[in-house]
Amino acid sequence: AQSVAQPEDQVNVAEGNPLTVKCTYSVSGNPYLFWYVQYPNRGLQFLLKYITGDNLVKGSYGFEAEFNKSQTSFHLKKPSALVSDSALYFCAVRAPTGKLIFGQGTTLQVKP
Amino acid sequence: EAQVTQNPRYLITVTGKKLTVTCSQNMNHEYMSWYRQDPGLGLRQIYYSMNVEVTDKGDVPEGYKVSRKEKRNFPLILESPSPNQTSLYFCASSLDGLVFTGELFFGEGSRLTVL
């Protein structure tokens, strides 16, 4: 069965420090992986995706994600966090049927 | 501006009173979908539509209906709402229908409370 796990409910980081939001997945076949961000009282916004190719994927707002096939992970990273990065982050995987399966979400809190 | 528009954004209703949440997209997208977001459960798919007149159940379809008579509109209908349908609802669309490699565009959400 296809699934996505985000092991941390919340990640706290100081502004200017690097951040990592973790995601692991389980899917049959080649994975299509996504990260979305949800700011307070807003809908989800697409950040980045991995379909094929380079394991390091760059996305919006300075975020990047590293695909690791052996560890079945797709962690979201940013070299230097901003207070404005504080939001709810969702990892998602495309199932063979074509639909997206979302993780539970991780709240990122960046403190000044 | 490309967008997915949901209405109403906020609604408080009572058990059993039928309601409809509208969703409209102006991007000529083939694929549309409804999700509900609940704390600790992430997003769960209610229904989706690959194209006009084609709809299918997602993971949690019980108590909901949808229709796709036009490409741009995908209303979510609660015929007899119950308190366990209190949730935050999102409509989303995507250019891709059968081969999903693109991204989903989300509406701003509709917060529904059923008393």
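This is a predicted model, so every value here is computed, not measured.

### Some points on the overall build of chain A
A tally of regular secondary structure across chain A gives 0 helices and 12 strands. Tracing chain A from N to C terminus, the helices and strands come up as β-β-β-β-β-β-β-β-β-β-β-β. Relative to the 2.2 N^0.38 estimate, which gives 13 Å for 112 residues, the radius of gyration of chain A is 13 Å and therefore close to what a compact globule would have. Dimensions along the principal axes, computed over C-alpha positions, put chain A at roughly 40 × 30 × 20 Å. When burial is assessed residue by residue, chain A has 48% of its 112 residues classed as buried. Expressed as a percentage of contacts within chain A between residues at least 6 apart in sequence, the contacts between residues at least 24 apart total 54%.

### Remarks on the interface of chain A and chain B
Listed as interface residues are 21 residues of chain A and, on the opposing side, 24 residues of chain B. For the pair chain A and chain B, the two sides together bury roughly 1700 Å², of which 52% comes from carbon and sulfur. Among the residues of chain A in contact with chain B, Leu44(A), Lys99(A) and Phe102(A) are the three that bury the most area, contributing 28% of the side total. Residue Arg42(A) is joined to Glu108(B) by a salt bridge in which the shortest nitrogen-to-oxygen separation is 2.9 Å.

### Looking at the state of the cysteines
Tallied over the entire structure, the rule returns 2 disulfides over all chains. Note that Cys23(A) is cross-linked by a disulfide to Cys91(A), the S-S spacing being 2.0 Å. On the sign convention where negative means left-handed, the S-S torsion of about -65° between Cys23(A) and Cys91(A) marks this disulfide as left-handed. Here Cys91(A) lies in strand 10 (residues 87–94) and Cys23(A) lies in the loop between strand 3 (19–21) and strand 4 (24–26), a separation of 68 residues in the sequence. In this pair, the class of Cys23(A) matches that of Cys91(A), namely buried. Note on cysteine connectivity: Cys23(B) is disulfide-linked to Cys91(B), with sulfurs 1.9 Å apart.

### Digging into the pattern of salt bridges
Residue and element names in this part refer to chain B. In this structure the tally under the stated criterion is 9 salt bridges over all chains. With its nearest N and O atoms 2.8 Å apart, the salt bridge here joins arginine 44 to aspartate 38. For arginine 44, a relative accessible area of 24% gives the class partly exposed. Accessibility expressed as a relative area gives 10% for aspartate 38, which makes it buried. Taken together, the shared-partner salt bridges connect Lys18, Lys65 and Glu79 into one network.

### Details of the nonpolar core
All names here are of chain A. Counting residues in each nonpolar core, the largest one holds 30 residues, and the members touching the most others are Trp35, Leu47, Leu48, Phe74, Leu76 and Tyr89. Taken together, the elements giving at least two residues each to this core come down to strand 2 (10–14), strand 3, strand 5 (33–38), strand 6 (44–50), strand 8 (64–68), strand 9 (73–78), strand 10 and strand 12 (106–111). With near-sequence residues (within four places) excluded, tyrosine 89 lies in contact with Gln6, Trp35, Tyr36, Val37, Leu47, Phe63, Leu76, Gly105, Thr106 and Leu108.

### Examining the sheet that holds strand 3 (residues 19–25) of chain B
Residues and elements named next belong to chain B. Here we have 4 strands laid out as an open sheet, ordered 1-3-8-7, and antiparallel in their pairing. Unpaired on one side and paired on the other, strand 1 (4–7) and strand 7 (65–66) mark the two borders of the sheet. Where strand 3 and strand 8 (residues 76–78) come together, 3 bridges link them in antiparallel fashion. Paired with threonine 20 across the bridge in strand 8 is isoleucine 77.

### Topic: the layout of surface pockets
A volume near 470 Å³ is recorded for the largest pocket. As for the largest pocket, its lining consists of 25 residues, of which Gln38(A), Leu88(A), Gln37(B), Leu88(B) and Arg111(B) are closest to the centre. For the lining of the largest pocket, the secondary structure elements donating two or more residues are strand 10 of chain A together with strand 4 (31–38), strand 9 (87–94) and strand 11 (110–114) of chain B. The element that contributes the greatest number of residues to the lining of the largest pocket is strand 10 of chain A, accounting for 3 residues. Residues of the lining of the largest pocket, tallied by class, amount to 9 nonpolar, 10 polar and 6 charged. Considered as a void within the structure, the second largest pocket measures approximately 350 Å³ in volume. Along its surface, the second largest pocket is lined by 16 residues, and Leu44(A), Gln45(A), Ala2(B), Phe106(B) and Glu108(B) are the ones closest to its centre.

Conventions and cut-offs
- Residues numbered from 1 in each chain as written.
- Chains lettered and ligands numbered in written order.
- Predicted model: local features only at pLDDT ≥ 70, side-chain atom pairs only at ≥ 80, totals over all residues.
- Heavy atoms only, no water.
- Helix = DSSP H or I, 4+ residues; strand = E, 2+ residues; numbered from the N terminus.
- Rg over C-alpha atoms; globule rule 2.2 N^0.38 Å.
- Buried < 20%, exposed > 50% of the residue type's maximum accessible area, 1.4 Å probe, protein only.
- Contact = heavy atoms within 4.5 Å.
- Buried area = accessible area lost by both parts, 1.4 Å probe.
- Salt bridge = Lys/Arg side-chain N within 4 Å of Asp/Glu carboxyl O.
- Disulfide = S-S within 2.5 Å.
- Core = buried A, V, L, I, M, F, W, Y, C linked by side-chain atoms within 4.5 Å.
- Pairing = 2+ DSSP bridges.
- 1 Å grid on protein atoms, 1.4 Å probe; cavity = no way out; pocket = protein on both sides within 12 Å on 5 of 7 lines; lining within 4 Å.
- Points joined across faces, edges and corners; volume = space filled by probe spheres on them.
- Nonpolar A, V, L, I, M, F, W, Y, C, P; charged D, E, K, R; others polar.

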